[in-house]
Structures are given as C-alpha cells and as structure tokens.
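Each chain is listed here by its residues.
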Amino acid sequence: KPVVQDFEEYVRLASERQVAVLRNESAQTLVSIPLLAKGQALGAMNLMAREKHDFTAQDMDLLLSIGQQIGVGVENARLYEQARRELVQREQIEQNLRQANQEIARRNRELTLLNRVITATTSDIQPREILEVVCCELVNAFDAHQSAAALMDASGASLTVIAECKHEDGLS
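Caption draft 1: Just the confidence of the model for the chain, in detail. Averaged over every residue, the pLDDT of the chain is 87; the share at 70 or more is 94%. At the low end of the mean pLDDT range in the chain sits strand S1 (residues 3-6), at 66; at the high end sits helix H3 (residues 57-121), at 93.

As structure tokens, then:
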C-alpha cells in the first residue's frame, strides 16, 4: 500500500542526498507508491507536497491502482524487450544455421567431385580418358563453360591438350 510520511519522518529513513533534494523543494508530505506487477514490487513512485496533506482512503486506493497500472506497464515493457531480444537471437541462430548448411552443402559437393576424380584416376582407363572424365566433372561441378587438360611432351618444352570438355559435352 502507499506509504504517507511527513518530511520529519522521512528524514530519519532517507539518504542525505534525498533529504537535501526534498529540503530544496520545501517538501512537507511525501507519499511512496509501490509499483506492482504480479504481486511483486518493481519499484516505487514518490509524490511530494509542499504543504502538510492528509490523503483519504479513496486517494490511497487511487494511488495504489495507479502504482499497479504502472507496474503492469513496466512489466509488459520488460517482457516485450525480452521477447524482442529472444527473437533477434533466434534470427541470428537461424542465419548461422543457414550458413552452416550452405557450408555443409559446399563441402559435400567438393567431396563428391573429389570422389569422382579419385574413382576415375584409380580405374584401368587410359590417361586421356581419365582427363576427359575429370574435365567434364570440373565443368559440371563449377558450372563452367569449358575445361581442358594438357600434358608436357617428353622434353618438357611444350604442352599438348589431350582432353577437353565443353558445357554441352558435360556429364549428367
């Protein structure tokens, strides 16, 4: 319930700073109104009068109702802010999850390509055929227009293209 104190009663309980402020304002009566939400005190609101003031039971009920309404408003604002922070956190988690899934998909594509290249290179086909398969795998994996492979001649002086794959020739 709201607490009504005259200035002299309040001086015994208040800090020096609070007393100085009230003296500066020539306070004579102080009412502290609890700010309540769900039966819990969230804080207080003070009402100061420069004259001695008697508050009626109706005044006190009104002040208590105001304190409860303010308390509910404060609690709702806190809950809204908490929900907003949680939503931001969830959105960040979802973004991180999307990025992780994209990274996993990219790695799976790389591993699939590597597996196909290994399969081709460990088969008993000729180097030219291996390179043709690898060129086509690269065209498909990277959605490239063309890939080619060249080998050095015996002297090491020049390269000769021995395999190539264009997009329309790619593997399916």
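Caption draft 2: Summary view of the nonpolar core. Of all hydrophobic cores here, the largest spans seven residues; its members are Cys135, Cys136, Val139, Ala149, Ile162, Ala163 and Cys165. Looking at this core, the elements with two or more residues in it are helix H4 (127-142) and strand S5 (159-166). Tyr10, Ala14, Val19 and Leu22 belong to the second-largest nonpolar core, a separate cluster that totals six residues.

Caption draft 3: Layout of H4. Its 16 residues give H4 an end-to-end C-alpha distance of 22 Å, which sits within 8% of 22 Å, the value for a rise of 1.5 Å per residue. Of the positions making up H4, those classed as buried are Ile130, Val134, Cys135, Cys136, Glu137 and Val139. Looking at the buried positions of H4, the neighbouring elements they touch are H3, strand S4 (146-152) and S5. A positive phi of about 50° marks Asp143, the residue just after H4.

Caption draft 4: Examining the side chain of Thr29 more closely. In this fold, Thr29 is placed in strand S2 (residues 29-37). Given a relative accessible area of 5%, Thr29 falls into the buried group. A distance of 3.0 Å separates the side chain of Thr29 from the backbone nitrogen of His53, its partner in a polar contact.

Caption draft 5: Quick look at the pattern of salt bridges. In this structure the tally under the stated criterion is seven salt bridges. Residue Glu103 is joined to Arg107 by a salt bridge in which the shortest nitrogen-to-oxygen separation is 2.9 Å. On the criterion of helical spacing, the pair formed by Glu103 and Arg107 is a turn pair, its members being four residues apart in helix H3. For Glu103, a relative accessible area of 26% puts it in the partly exposed group. Where Glu110 meets Arg106, a salt bridge forms, and the shortest distance between an N and an O atom there is 2.1 Å.

Rules behind the numbers
- Residue positions are given per chain, counting from 1 as you read along its sequence in written order.
- This being a predicted model, a pLDDT of at least 70 is required before a residue's local features are given, and a value of 80 or more before pairs of side-chain atoms are given or counted; all residues contribute to the totals for chains, interfaces and linings.
- Only hydrogens and water are set aside; all other atoms, that is, all heavy atoms of the structure, feed into the side-chain values.
- pLDDT expresses how confident the predictor is about each individual residue, on a scale running from 0 to 100.
- Helix and strand definitions follow DSSP, with helices as H or I runs of at least four residues and strands as E runs of at least two, each counted in order from the N terminus.
- For the purposes of this section, nonpolar cores are sets of buried Ala, Val, Leu, Ile, Met, Phe, Trp, Tyr and Cys residues that join through side-chain atoms within 4.5 Å.
- Throughout this description, buried means an accessible area under 20% of the type-specific maximum (1.4 Å probe, protein chains only), exposed means over 50%, and partly exposed covers the range between.
- Helix span, expected: 1.5 Å multiplied by one less than the number of residues in the helix.
- For this analysis, residues touch if any pair of their heavy atoms sits within 4.5 Å.
- Nitrogen and oxygen atoms within 3.5 Å of one another constitute a polar contact, given that in protein one can donate a hydrogen and the other can accept it, and given that sequence-neighbouring residues count only through two side-chain atoms.
- For this analysis, a salt bridge means a side-chain nitrogen from Lys or Arg found within 4 Å of a carboxyl oxygen belonging to Asp or Glu.

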